[in-house]
Amino acid sequence: QVQLVESGGGLVQPGGSLRLSCAASGFTFTIYAMSWHRQAPGKERELVATTSTTGNTNYADSVKGRFTISRDNAKNMVYLQMNSLKPEDTAVYYCKARNYRDINYWGKGTLVTVSS
C-alpha cells in the first residue's frame, strides 16, 4: 500500500520558519524523484521544489533562497525547510513521488497558514 503522509503544517507569523515532513512507504523510494507542491484557495496547484534521485534540487522562483528541499533515503523521508515565510506562502502543501515511467503518487496535504 503506497503512502505519502505529510506533517508539520500549522500557523506561523510572517518571517517565521516551518519544516514540513513527508513519510513515504509502499514503494521503492530511492528510484523516485520527490517534490513539494502547493495550492492556495481558488488558485491552481503549483510546483514548489523538486529533488532528484541523486539529490539535485530545483525551486520555484517565488521560494528560491528561502525554502530548502532535502531527502533522507535511509528513512524514506523528504523535507521542506521554509524560512522567511510570507503571507503568500499560505497554502495546502502536497508531497509527490515520481519515477521514470511517470508513475506518480500524491500525499493528502498539510495546511500552512502564514499570518499575524
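Because the structure is predicted, anything quoted here is derived from the model rather than measured.

Trainee: Talk me through the sheet that holds strand 8 (residues 77–82); I want residue IDs and the actual numbers.
Mentor: Taken in spatial order, the four strands of this open sheet run 1-3-8-7, and their pairing is antiparallel. Each edge of the open sheet carries a strand with a single partner, namely strand 1 (3–7) and strand 7 (67–72). With direction set aside, neighbouring strand axes in the sheet form an average angle of 15°. Direction of pairing for strand 3 (residues 18–25) relative to strand 8: antiparallel, over a ladder of six bridges. Across the sheet, residue leucine 18 finds its bridge partner in strand 8, namely methionine 82.

Trainee: How would you sum up the environment of tryptophan 106? Please name residues and give values.
Mentor: Residue position: tryptophan 106 is located in strand 10 (residues 104–106). For tryptophan 106 and threonine 51, which are 55 residues apart along the polypeptide, the C-alpha to C-alpha distance reads 15 Å. Among residues more than four places away in sequence, those in contact with tryptophan 106 are Leu4, His37, Arg45, Tyr94, Cys95 and Lys96.

Trainee: Explain the packing of aromatic side chains residue by residue, including any values.
Mentor: All chains considered together, the criterion is met by five aromatic pairs. Consider the rings of tyrosine 94 and tryptophan 106, whose centres lie 6.4 Å apart with planes at 80°: the pair is edge-to-face. In this pair, tyrosine 94 is assigned in strand 9 (residues 91–98) and tryptophan 106 in strand 10, connecting sequence segments twelve residues apart. An aromatic cluster is present here, built from Phe27, Phe29, Tyr32 and Tyr105 joined pairwise through their rings. One Lys or Arg, arginine 45, reaches over the ring of tyrosine 94 and ends 3.7 Å from the middle of that ring. Above the ring of tryptophan 106, the side-chain terminus of arginine 45 is found at 4.8 Å from the ring centroid.

Cut-offs used in this document
Residues numbered from 1 in each chain as written. Predicted model: local features only at pLDDT ≥ 70, side-chain atom pairs only at ≥ 80, totals over all residues. Heavy atoms only, no water. Pairing = 2+ DSSP bridges. Helix = DSSP H or I, 4+ residues; strand = E, 2+ residues; numbered from the N terminus. Axes fitted to C-alpha atoms, helices over the stretch in contact; angles between N-to-C directions. Contact = heavy atoms within 4.5 Å. Phe/Tyr/Trp six-rings, centres within 6.5 Å; stacked < 30°, edge-to-face > 60°. Lys NZ or Arg CZ within 6 Å of the ring centre and 35° of its normal.

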